[in-house]
Amino acid sequence: MVYSRVSALDFTLGECPKLPPPKRVLMTTPEHFEVAYVINPHMEGHIGAVDRDEARRQWTALRKTYLALGFDVQVLEGRPGLPDMVFCANQTLPYLDADGRRGVVLSRMHAPQRRDEVAHFATFFHDLGYDTRPLPEHVRAFEGMGDALWHPGRALLWGGYGFRTDPQAYEALTARLGVPVLALRLEDPDFYHLDTCLCVLDETTALIYPGAFDADGLRLLAHFFPRLLEAPEDEARRRLACNAHSPDGRRVIIQRGNAHTCRMLAEAGFTPLEVETSEFLKAGGSVFCMKLMFW
Ligand code: ARG
């Protein structure tokens, strides 16, 4: 079932089967990363403005951050002509099903400029023996973990729509994966993917930018996350504070300079690890979209 309001809920979080956290990290190399077109408002004014050497340094430092935390980081080579492929959270949604089978749902990118990225991820996961079926043809767009996020530790999916992913994707996902989906309408074009305004931290805590959601969405978030931390507007909009990532429910990797957000995270018992992703912010992405976690 797909749910978009609290009044329609007919299950509790405790009834959703437990899901072990994913442990593997995938990153795509940035040698072909650039801002070559504008498909989100952050990219405006940045065509041709990426410093590739600096991008490579920032990417390498992020990779080292995951390695230092004890995660195995697999690397997929970026391809010429696919400048956004480095944002490897978007081309698939990894899952572990109730029978312990691993798979990825292949995305169908909204922008034609990004459509050819998906086949490279399909090959990567196919070679690992994963189920790599796409969604049915009538689903116009689905952008993987840009818009679909697993609730930490539970077989429950959050799904954003409004700018990229077609809401029909969530009907198809709930049918295919057998999990409930909580659908959130996104209202502000600067927050075009769910991962730009929702960062799930642990089973009861999330960081959000509230201005990106409608009232029903905010009620759903408050229902499932008793502890909601709210990033201030300037940090969320200019430094994508909510595009942070907690790989372990304790440490939170986040773009440097999000001082207020970092203070809130620390007060809530998390350890912020600040990194620089300024070159990637020019394309509208930061930490969360530069990696994919899978089982
Ligand atoms: N330029 C890319 C796009 O607009 C950035 C994607 C960033 N990824 C993300 N998950 N927010 O599609």
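Quick note: structure is the one above.
As a starting point, this report considers the structure included with it. (Residues numbered from 1 in each chain as written. Predicted model: local features only at pLDDT ≥ 70, side-chain atom pairs only at ≥ 80, totals over all residues. Heavy atoms only, no water.)

Going through the model one piece at a time under the given rule, you end up with 2 cavities of 30 Å³ or more. As a volume, the largest cavity reaches approximately 80 Å³. Contributing to the lining of the largest cavity are 14 residues, with Phe 87, Asn 90, Arg 114, Tyr 192 and Ala 283 lying nearest its centre. Space inside the second largest cavity adds up to approximately 30 Å³. In terms of lining residues, the second largest cavity is bounded by Leu 106, Ser 107, Arg 108, Pro 134, Leu 135 and Phe 142. (1 Å grid on protein atoms, 1.4 Å probe; cavity = no way out; pocket = protein on both sides within 12 Å on 5 of 7 lines; lining within 4 Å. Points joined across faces, edges and corners; volume = space filled by probe spheres on them.)

Taken together, 3 strands build an open sheet; the order of strands is E9-E10-E11 and the sheet is mixed. At either margin of the open sheet sits one strand with a lone partner, and together these are strand E9 (198-202) and strand E11 (227-230). Mean inter-strand twist for the sheet, computed between neighbouring axes without regard to direction, equals 20 degrees. Note: E9 against strand E10 (residues 205-208), 4 bridges, orientation antiparallel. Across the sheet, Cys 199 pairs through a bridge with Leu 207, a residue of E10. (Pairing = 2+ DSSP bridges. Helix = DSSP H or I, 4+ residues; strand = E, 2+ residues; numbered from the N terminus. Axes fitted to C-alpha atoms, helices over the stretch in contact; angles between N-to-C directions.)

So, on to the pairing of E10. Every other side chain in a regular strand lies on the same face of the sheet, so the side chains alternate between the two faces. Both faces of E10 are covered, namely the face carrying Thr 205 and Leu 207 and the face carrying Ala 206 and Ile 208. Linking two consecutive strands that pair antiparallel, namely E9 and E10, is a turn of 2 residues. Summarising the sheet, E10 and E11 pair through 4 bridges and their orientation is parallel. Within E11, the position partnered with Leu 207 by the bridge is Leu 229. Crossover E10 to E11 through helix H4 (residues 215-224) is right-handed. (Buried < 20%, exposed > 50% of the residue type's maximum accessible area, 1.4 Å probe, protein only. Right-handed = clockwise from strand over helix to strand, strands pointing away.)

A positive phi angle, near 40 degrees, is found at Leu 240, a position not held by glycine. Tracing the sequence through the fold places Leu 240 in the loop between helix H5 (233-238) and strand E12 (251-255). For Leu 240, a relative accessible area of 1% gives the class buried.

Now for the site of the ligand. Around the ligand sit 17 residues, and of these Asn 40, Asn 90, Arg 114, Arg 164 and Asp 195 come closest. At a separation of 2.8 Å, an oxygen atom of the ligand approaches a polar side-chain atom of Asn 40. Contact between the ligand and Ala 283: a nitrogen atom at 2.9 Å from a main-chain N or O atom of the residue. Considering the ligand on its own, with 350 Å² of exposed area, one finds that the protein chains cover 100% of that surface. (Near = heavy atom within 4 Å. Polar contact = N/O pair within 3.5 Å; in protein donor to acceptor, adjacent residues only side chain to side chain. Areas by Shrake-Rupley, 256 points an atom, 1.4 Å probe, with all protein chains shown as cover.)

Attention now goes to the side chain of Asp 188. Looking at the element boundaries, Asp 188 is found in the loop between strand E8 (181-185) and E9. Among the residues examined, Asp 188 registers a relative accessible area of 14% and is labelled buried. At a separation of 2.9 Å, a polar atom in the side chain of Asp 188 contacts the main-chain amide nitrogen of Asp 190. Look past the residues within four positions of Asp 188 in its chain and what remains in contact with it is Phe 163, Gly 211, Ala 212 and Arg 237. (Contact = heavy atoms within 4.5 Å.)

It is worth spelling out the environment of Trp 150 at this point. Along the polypeptide, Trp 150 turns up in strand E6 (residues 148-150). For the pair formed by Trp 150 and Gln 91, sequence separation is 59 residues and the distance between their alpha carbons is 16 Å. Setting aside residues no more than four positions away along its own chain, Trp 150 makes contact with Leu 19, Leu 93, Pro 94, Tyr 95, Ala 155, Leu 156, Leu 157, Leu 177, Val 179, Val 200 and Trp 295. In this structure the side chain of Trp 150 is engaged in a polar contact, spanning 2.9 Å, whose partner is the backbone oxygen of Pro 94.

Okay, the nonpolar core next. Ranked by internal contacts, the top residues of the largest apolar core, which has 106 residues, are Leu 93, Trp 158, Leu 198 and Phe 213. Phe 213 has contacts with Leu 184, Arg 185, Leu 186, Glu 187, Leu 194, Cys 197, Leu 198, Ile 208, Leu 218 and Leu 221, leaving out every residue within four places of it along the chain. (Core = buried A, V, L, I, M, F, W, Y, C linked by side-chain atoms within 4.5 Å.)

Of the voids in this model, the largest pocket is the one considered here, and its volume is about 440 Å³. For the largest pocket, the lining is made up of 23 residues, of which Pro 21, Pro 22, Pro 152, Ser 246 and Pro 247 are closest to its centre. Every element with two or more residues in the lining of the largest pocket is listed here: E6 and E9. Looking at the lining of the largest pocket, the element that brings in the most residues is E9, giving 3 residues. In the lining of the largest pocket, the residues fall into 14 nonpolar, 5 polar and 4 charged. Residue lining of the second largest pocket: 16 residues in total, with Leu 96, Asp 97, Ala 98, Ala 155 and Val 179 positioned closest to the centre. Broken down by class, the residue content of the lining of the second largest pocket amounts to 11 nonpolar, 1 polar and 4 charged. (Nonpolar A, V, L, I, M, F, W, Y, C, P; charged D, E, K, R; others polar.)

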